[in-house]
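Structural description and commentary
Residues per chain are reported as follows:
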Amino acid sequence: DAGITQSPRHKVTETGTPVTLRCHQTENHRYMYWYRQDPGHGLRLIHYSYGVKDTDKGEVSDGYSVSRSKTEDFLLTLESATSSQTSVYFCAISESGLFYEQYFGPGTRLTVT
Amino acid sequence: QKEVEQNSGPLSVPEGAIASLNCTYSDRVSQSFFWYRQYSGKSPELIMSIYSNGDKEDGRFTAQLNKASQYVSLLIRDSQPSDSATYLCAALTASKLTFGTGTRLQVTL
């Protein structure tokens, strides 16, 4: 998975609790992304980063925040988890340009009960 | 109309045949296109990128782009059972990457 790890790989949490997912890369790539994948919707961008402390919203950013304090780490926080945030979350990285040629991490399956 | 459309399949082809996967996009300013393969329960894996009209070949894979007709295709020659997966098409405009929902390919023995 191109030197990308995600933690945790599986998580079950209750509605209303905060959740943080971590993406760690060893490739020193500039760009990092968080996606969610749901049946019938495909991959949808939540947030992305174009450098340390530089982040921006994607198409489904409501209820999510991100932080990138180091090149290698990109954190996704669900501020107050809801059942609609039950999904598979993928982190991705790229170097050749923003949104170009992305390499994906193994994913985190999150269930909000 | 979806921004990037793919037939969900499954597309079933016999082993050794050519599999043809198609993708259409609605935004005429889309400049760059990517094909990803995703095995069930796994993460997407980049197969090919294509930026200009015509064909681009990489091993058994050929990507074809026709900007006038707004479609992108992926041909897989000599299909193998290990090619059975969902193939995602993605189109990039200046500031947005949009994925299709994918076509499931089944290669039968």
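Attention now goes to the state of the cysteines. Tallying each qualifying case throughout the model produces two disulfides over all chains. A sulfur-sulfur distance of 1.9 Å marks the disulfide that ties Cys23 of chain A to Cys91 of chain A. One disulfide, between Cys23 of chain A and Cys91 of chain A, carries an S-S torsion of -70° and so falls in the left-handed class. Of the two residues, Cys23 of chain A sits in strand S3 (residues 19-25) while Cys91 of chain A sits in strand S9 (residues 87-94), which places them 68 residues apart along the sequence. Residue class for Cys23 of chain A comes out buried when judged on its relative accessible area of 0%. By relative accessible area, Cys91 of chain A is classed as buried at 0%. In this model, Cys23 of chain B is linked to Cys89 of chain B through a disulfide, with the two sulfur atoms separated by 2.1 Å. Since a negative S-S torsion denotes a left-handed disulfide, the Cys23 of chain B-Cys89 of chain B link at about -70° is left-handed. With Cys23 of chain B in strand S3 (residues 19-25) and Cys89 of chain B in strand S9 (residues 85-92), this pair connects stretches of sequence that are 66 residues apart.

Our focus in this paragraph is unusual backbone geometry. Cis geometry is adopted by the peptide bond preceding Pro8 of chain A, which originates at Ser7 of chain A and carries an omega value of -10°. Take Pro8 of chain A: it is sitting in the loop between strand S1 (4-7) and strand S2 (10-13). With an omega of 10°, the peptide bond between Gly9 of chain B and Pro10 of chain B qualifies as cis. Counting through the fold element by element, Pro10 of chain B comes out in the loop between strand S1 (4-5) and strand S2 (11-14). Despite not being glycine, Asn28 of chain A shows a phi value in the positive range, around 60°. If you trace the backbone, Asn28 of chain A turns up in the loop between S3 and strand S4 (31-38). With relative accessibility at 57%, the residue Asn28 of chain A sits in the exposed group. Here Gln70 of chain B, not a glycine, exhibits a phi torsion of approximately 60°, which is positive. Tracing the chain through its elements places Gln70 of chain B in the loop between strand S7 (61-66) and strand S8 (71-76).

Residues and elements named next belong to chain B. Along the polypeptide, Gln6 turns up in the loop between S1 and S2. Given the relative accessible area of 11%, Gln6 is considered buried. Linking Gln6 and Leu21, residues 15 residues apart in sequence, is a C-alpha distance of 8.2 Å. Ignoring anything within four residues of it in the chain, the contact list for Gln6 reads Asn22, Cys23, Trp35, Tyr87, Leu88, Cys89, Gly100, Thr101, Gly102 and Thr103.

This brings us to the sheet that holds S1 of chain A. All names here are of chain A. Spatial ordering of the open sheet is given by S1-S3-S8-S7, a layout of four strands whose pairing is antiparallel. Both edges of this open sheet fall to S1 and strand S7 (64-70), since each of them pairs with a single strand only. Strand-to-strand, the axes of this sheet are offset by a mean angle of 20°, without reference to chain direction. Judged from the five bridges that link them, S7 and strand S8 (residues 73-78) form a sheet pairing that is antiparallel. Its bridge partner lying in S8, Lys70 is registered against Asp73.

Analysis parameters
- Residues numbered from 1 in each chain as written.
- Chains lettered and ligands numbered in written order.
- Predicted model: local features only at pLDDT ≥ 70, side-chain atom pairs only at ≥ 80, totals over all residues.
- Heavy atoms only, no water.
- Disulfide = S-S within 2.5 Å.
- Helix = DSSP H or I, 4+ residues; strand = E, 2+ residues; numbered from the N terminus.
- Buried < 20%, exposed > 50% of the residue type's maximum accessible area, 1.4 Å probe, protein only.
- Contact = heavy atoms within 4.5 Å.
- Pairing = 2+ DSSP bridges.
- Axes fitted to C-alpha atoms, helices over the stretch in contact; angles between N-to-C directions.

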